[in-house]
Amino acid sequence: MGWNTPDELAYSETDEWVRIEDGIATIGITDFAQDQLSDVVFVELPEIGEVLAKGDTFGAVESVKAAADLNAPISGEITNVNGSLENEPEMLNSTPFGDAWIIMVKVSDPSELEFLMDSNKYAQYCETRTH
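A brief structural summary.

**A look at the overall build of the protein chain**
Next up, step 1: A count of helices and strands for the protein chain gives 4 helices and 9 strands.
Next up, step 2: Listed by position from the N terminus, the elements making up the protein chain come as β-β-β-α-β-β-β-β-β-α-α-β-α.
Next up, step 3: Expected size for 131 residues packed as a compact globule is a radius of gyration near 14 Å; at 14 Å, the protein chain falls within 12% of this value.
Next up, step 4: A principal-axis box enclosing the C-alpha atoms of the protein chain has dimensions of 35 × 35 × 20 Å.
Next up, step 5: Looking at the 131 residues of the protein chain, the share that counts as buried comes to 47%.
Next up, step 6: The contacts of the protein chain with a sequence gap of at least 6 include a subset with a gap of at least 24, amounting to 64%.
Next up, step 7: On the protein chain, roughly 6700 Å² of surface is accessible, and the fraction owed to carbon and sulfur atoms is 46%.
Next up, step 8: Where the 6 positive side-chain charges of the protein chain centre and where its 26 negative ones centre are 6 Å apart.

Right, here's the structure in full:
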């Protein structure tokens, strides 16, 4: 199918992407995830200051087709939440790697990043789930 998987990002098995800059992880959902969900109509966002452990559910995305939990790909404290998604959830479909980031987290355990996939591995992982 050929989903967009930018090389500079890391990816989780639960279809979140991670971009690390100065110890802060920006997290969103992948192109594959938004494609599978179809038209996103609602995003449930967490609170700033919430502390997440890797694997914790921090919100949800609902579409006309399905609902999906958002899972923390790494541990840390939420430092920012993209409030624009409350009024414009469809941004997750149009720009999943751009303006449609979901949360920013101050990374508490950088070693957890080693367990995320690079773009090639993630693209292969997506392919295995569509056949």
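**Considering helix α4 (residues 119-128)**
Next up, step 1: Every buried residue of α4 is accounted for by Ser-119, Tyr-122 and Cys-126. Taken down its axis, α4 places every buried residue within 65° of arc, on the same side. With respect to the buried face of α4, the exposed residues turned more than 90 degrees away are Asn-120, Lys-121, Gln-124 and Thr-128.
Next up, step 2: Sitting at the amino-terminal end of α4 is Asp-118, which places a side-chain oxygen 3.2 Å from the backbone nitrogen of Asn-120.

**Some thoughts on unusual backbone geometry**
Trans is the common state for peptide bonds, and a negative phi is the common state for residues other than glycine.
Next up, step 1: Notably, Asp-15 is not glycine yet its phi reads approximately 70°, a positive angle.
Next up, step 2: As for its position among the elements, Asp-15 is in the loop between β1 (10-11) and β2 (16-21).

**Considering the nonpolar core**
A general feature of soluble globular proteins is that nonpolar side chains tend to end up buried together.
Next up, step 1: With 27 residues, the main nonpolar core has Phe-58, Leu-85, Leu-92, Ile-102 and Ile-103 as its most contacted residues.
Next up, step 2: Of all the elements in the fold, those that place two or more residues in this core are β3 (24-29), α1 (31-37), β4 (40-44), β6 (57-63), β8 (76-81), α3 (91-94) and β9 (103-107).
Next up, step 3: Discounting chain neighbours no more than four positions away, the residues touching Ile-103 are Ala-25, Thr-26, Ile-27, Pro-46, Leu-52, Phe-58, Ile-78, Asn-80 and Val-81.
Next up, step 4: In terms of nonpolar packing, the next biggest core, distinct from the first, is built from 10 residues, Trp-3, Trp-17, Phe-97 and Met-117 among them.

**Re the environment of Val-18**
Next up, step 1: Inspection of the secondary structure assignment puts Val-18 in strand β2.
Next up, step 2: The class for Val-18 is buried, based on a relative accessible area of 2%.
Next up, step 3: Linking Val-18 and Pro-73, residues 55 residues apart in sequence, is a C-alpha distance of 7.6 Å.
Next up, step 4: In contact with Val-18, not counting residues within four places along its chain, are Leu-9, Ala-10, Ala-25, Thr-26, Ile-27, Pro-73, Ile-74, Leu-113 and Leu-116.

Rules behind the numbers
Residues numbered from 1 in each chain as written. Predicted model: local features only at pLDDT ≥ 70, side-chain atom pairs only at ≥ 80, totals over all residues. Heavy atoms only, no water. Helix = DSSP H or I, 4+ residues; strand = E, 2+ residues; numbered from the N terminus. Rg over C-alpha atoms; globule rule 2.2 N^0.38 Å. Buried < 20%, exposed > 50% of the residue type's maximum accessible area, 1.4 Å probe, protein only. Contact = heavy atoms within 4.5 Å. Areas by Shrake-Rupley, 256 points an atom, 1.4 Å probe, with all protein chains shown as cover. Lys, Arg positive; Asp, Glu negative; His and termini not counted. Charge placed at Lys NZ, Arg CZ, Asp CG, Glu CD. Arc of directions from axis to C-beta. Polar contact = N/O pair within 3.5 Å; in protein donor to acceptor, adjacent residues only side chain to side chain. Core = buried A, V, L, I, M, F, W, Y, C linked by side-chain atoms within 4.5 Å.

Everything listed is a geometric property; what it means functionally is a separate question.
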